[in-house]
Amino acid sequence: MKKITIKDIAKAMGYSIGTISKALSNSHEISPVTKVEIQKFANEHGYQSNQYAKLLRKGRTNIIGMIVPSIGNPFSHRFSKALKERCQKRLIT
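Just so it is clear, the structure is predicted and the values come from calculations on it, not from any experiment. (Residues numbered from 1 in each chain as written. Predicted model: local features only at pLDDT ≥ 70, side-chain atom pairs only at ≥ 80, totals over all residues. Heavy atoms only, no water.)

Caption draft 1: Region of the structure containing the pattern of salt bridges. Under the criterion given, the structure shown has 2 salt bridges. Among the salt bridges present, the one from Lys22 reaches Glu29, with a minimum N-O distance of 3.1 Å. On the basis of relative accessibility, which here comes to 34%, the residue Lys22 falls in the partly exposed class. The residue Glu44 makes a salt bridge to Lys40 at a minimum N-O spacing of 4.0 Å. (Salt bridge = Lys/Arg side-chain N within 4 Å of Asp/Glu carboxyl O. Buried < 20%, exposed > 50% of the residue type's maximum accessible area, 1.4 Å probe, protein only.)

Dropping the structure here:
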């Protein structure tokens with residue numbers, strides 16, 4: 001089953017993509033009646049927002065990519081584990 005998108009909701013309901021986005025974000029710019037109508041439609045059709053897209057739009061993903069020569073290399077494993085622990089400590093403090 002194909003995931004429904006904001007564009008699909010906009011097309012089906014006759015609203016602009018911006019209106020759908022604002023309604024799903026619970027913006028004060030959209031009337032309460034329209035918000036409820038759009039949110040109900042989205043829920044009934046299984047809409048789920050794309051969290052990665054939101055993070056990329058904000059310009060901050062908190063994701064680090066790492067390329068290692070061999071996953072079985074003990075150094076790569078220790079290094080990635082240490083990096084993960086260091087990043088977690090920075091997020092907590």
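And the narrative resumes.
Caption draft 2: Fine view of the packing of aromatic side chains. Summed over the entire model, instances satisfying the criterion amount to 1 aromatic pair. Arranged with centres 6.0 Å apart and planes meeting at 25°, the rings of Phe75 and Phe79 form a pair that is stacked. Highlighted residues: Phe75 and Phe79, both in helix α5 (residues 74-92), separated by 4 residues, approximately one helical turn. For Phe75, a relative accessible area of 52% corresponds to the exposed category. (Phe/Tyr/Trp six-rings, centres within 6.5 Å; stacked < 30°, edge-to-face > 60°. Helix = DSSP H or I, 4+ residues; strand = E, 2+ residues; numbered from the N terminus.)

Caption draft 3: Quick peek at the packing of helix α2 (residues 17-24) against helix α3 (residues 32-44). It is at 9 Å that the axes of α2 and α3 come closest, and there the two elements cross at 90°. Regarding the angle of α2 to α3, the classification is roughly perpendicular. Contacts between α2 and α3 pair Thr19, Ile20, Ala23 and Leu24 from the former with Lys35, Ile38, Gln39 and Ala42 from the latter. (Axes fitted to C-alpha atoms, helices over the stretch in contact; angles between N-to-C directions. Parallel < 35°, antiparallel > 145°, perpendicular 65-115°, else oblique. Contact = heavy atoms within 4.5 Å.)

Just geometry here; none of it tells us what the structure is for.
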